[in-house]
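Observations on chain architecture
So the chains spell out like this:
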Amino acid sequence: PGYVRGLSSLQDKVPPFNTKTAKEILEEEWGQPITSVLKKISDEPVAAASLGQVYKATLKDGREVAVKVQRPNIMNQIALDMHLLREFAPFAKRTFNLNTDTVGTVDAWGSGFVDELDYIQEGENAKYFLARIQETPLKEVVLAPTVIEEFTTPRVLVTEWIDGERLDKSSNEDITILCSICMNTYLTMLVRPPKLRLLIRTM
C-alpha cells in the first residue's frame, strides 16, 4: 500500500496546462503545423507533471507515440525558485546550525532541474539507459521507450507509445514483483558506470 500511495501521487496530482498552449509549443518547436507531423492527438493530456505533460498521438506514418511537451516559461519559474532558495540557504544553515553546504546543495538541485529541461538530452539518456540495461540480467523485463529523434526538440520529446498498467490497478502479486524489479533496477544503476548512475534521478 505504501508503494501504491507514493507512486500514485506522482501520476495525477499535477494540474495540466492549456492544450491550446501545448499545440502552439509543438508548432513552434517543429516549425510546421501539427497536422504535418501528426494524424491525430488526444484532446487532453494523458499525464501531467511539474515540468511537462504527455499526449497520446499518431504520426502521419501510423505509429502511435507519446508526445511530451514542456510547460511554458518553466525555465523562468525554476530560476526564480532557485534564486529564492539560494538566498534562504545561508539563513537556514545559521538558524538550524546545519553542518552542510546549503548553498552548494541548492546549486546542485538547480543544475539538475536545468538538465531535465533539455528533452534532447533526456532522449539521449533513454537510449543510453536502454543500451546499458541490455548488458544486465534485467534486459528481458526493463526497457525505455524508443525515442523518435526527428520530432524530438529541447522542449518536445516524442517516443513510441507503450500501454502500461497503473500500480494501483495491479494485483497484490504483481505489485510485489514490479516493486522488486524497480528496486533491482535502481541498485543495478548504482553499481554500473558513472553515467548510468546519473540517470537515477530520471527514474
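Anything mentioned here points back to the structure above.
Reading the values: rules and limits
- Residues numbered from 1 in each chain as written.
- Predicted model: local features only at pLDDT ≥ 70, side-chain atom pairs only at ≥ 80, totals over all residues.
- Heavy atoms only, no water.
- Helix = DSSP H or I, 4+ residues; strand = E, 2+ residues; numbered from the N terminus.
- Buried < 20%, exposed > 50% of the residue type's maximum accessible area, 1.4 Å probe, protein only.
- Areas by Shrake-Rupley, 256 points an atom, 1.4 Å probe, with all protein chains shown as cover.
- Lys, Arg positive; Asp, Glu negative; His and termini not counted.
- Charge placed at Lys NZ, Arg CZ, Asp CG, Glu CD.
- Salt bridge = Lys/Arg side-chain N within 4 Å of Asp/Glu carboxyl O.
- Pairing = 2+ DSSP bridges.
- Core = buried A, V, L, I, M, F, W, Y, C linked by side-chain atoms within 4.5 Å.
- Contact = heavy atoms within 4.5 Å.
- Polar contact = N/O pair within 3.5 Å; in protein donor to acceptor, adjacent residues only side chain to side chain.
- Phe/Tyr/Trp six-rings, centres within 6.5 Å; stacked < 30°, edge-to-face > 60°.
- Expected span 1.5 Å × (residues − 1).

**Observations regarding the overall build of the protein**
Along the backbone of the protein there are seven helices and five strands. With respect to the principal axes defined by its C-alpha atoms, the protein has extents near 60 × 40 × 35 Å. Out of the 203 residues in the protein, the part that is buried amounts to 33%. Of the roughly 12700 Å² of accessible surface on the protein, a fraction of 56% belongs to carbon and sulfur atoms. Each charge sign in the protein was given a centre, from 24 positive and 28 negative side chains, and these centres are 2 Å apart.

**Side note on the pattern of salt bridges**
Overall, the coordinates contain eleven salt bridges when judged by the stated rule. Via salt bridges that share partners, Glu28, Glu29 and Arg155 belong to a single interconnected network.

**Examining the pairing of strand 3 (residues 52–59)**
Counting buried residues along strand 3, six of its eight residues qualify, which places the element largely inside the surrounding structure. Relative to strand 3, strand 1 (residues 38–41) runs antiparallel, the two being bridged by three bridges. Residue pairing for strand 3: lysine 40 is matched across the bridge by threonine 58. Hairpin geometry of strand 2 (residues 47–48) and strand 3 is characterised by an intervening segment of three residues between the two adjacent antiparallel strands.

**A closer look at the nonpolar core**
General note: in soluble globular proteins, nonpolar side chains tend to be found buried as a group. Counting 19 residues, the largest nonpolar core has Leu26, Trp30, Leu38, Val67, Val69 and Val158 as the members making the most contacts within it. The element best represented in this core is helix 2 (residues 19–30), accounting for four residues. In this view, tryptophan 30 contacts Val37, Leu38, Phe151, Thr153, Val156 and Val158; residues no more than four positions away in its chain are not counted. Judged by nonpolar contacts, the second largest core, of seven residues, contains Leu51, Ile78, Ala89 and Val106.

**A few points about the environment of arginine 155**
Mapped onto the secondary structure, arginine 155 falls in the loop between helix 5 (119–133) and strand 5 (156–160). For the pair arginine 155 and arginine 71, spaced 84 residues apart in sequence, the C-alpha separation works out to 8.4 Å. Setting aside chain neighbours within four positions, we find arginine 155 in contact with Ile25, Glu28, Glu29, Lys68, Val69, Gln70 and Tyr119. Reaching out from arginine 155, the side chain makes a polar contact with the side chain of glutamate 29 at a distance of 3.1 Å.

**Some words on the packing of aromatic side chains**
Under the defined criterion, the tally for this structure stands at two aromatic pairs. The interplanar angle of 65° and the centroid separation of 6.0 Å between the aromatic rings of tryptophan 30 and phenylalanine 151 together place this pair among those described as edge-to-face. In this pair, tryptophan 30 sits in helix 2 while phenylalanine 151 sits in the loop between helix 5 and strand 5, placing the two residues 121 residues apart along the sequence. Just as tryptophan 30 is buried, phenylalanine 151 falls in that class too.

**Let's talk about helix 5**
In this model helix 5 runs 21 Å from its N-terminal to its C-terminal C-alpha over 15 residues, within 8% of the 21 Å that 1.5 Å per residue would give. Of all the residues in helix 5, the buried ones are Tyr119, Gly123, Asn125, Tyr128, Phe129 and Ile133. Among the residues of helix 5, the N-terminal cap falls to aspartate 118, whose side-chain oxygen and the backbone nitrogen of isoleucine 120 are separated by 3.1 Å.

**A word on helix 2**
Helix length check: helix 2, at twelve residues, gives a terminal C-alpha distance of 16 Å against a target of 16 Å (1.5 Å per residue), a fit within 8%. If you follow the buried residues of helix 2, they end up packed against strand 1, strand 3, strand 4 (64–70) and strand 5. Trailing helix 2 by a residue or two, glycine 31 shows a phi angle of about 70°, which is positive.

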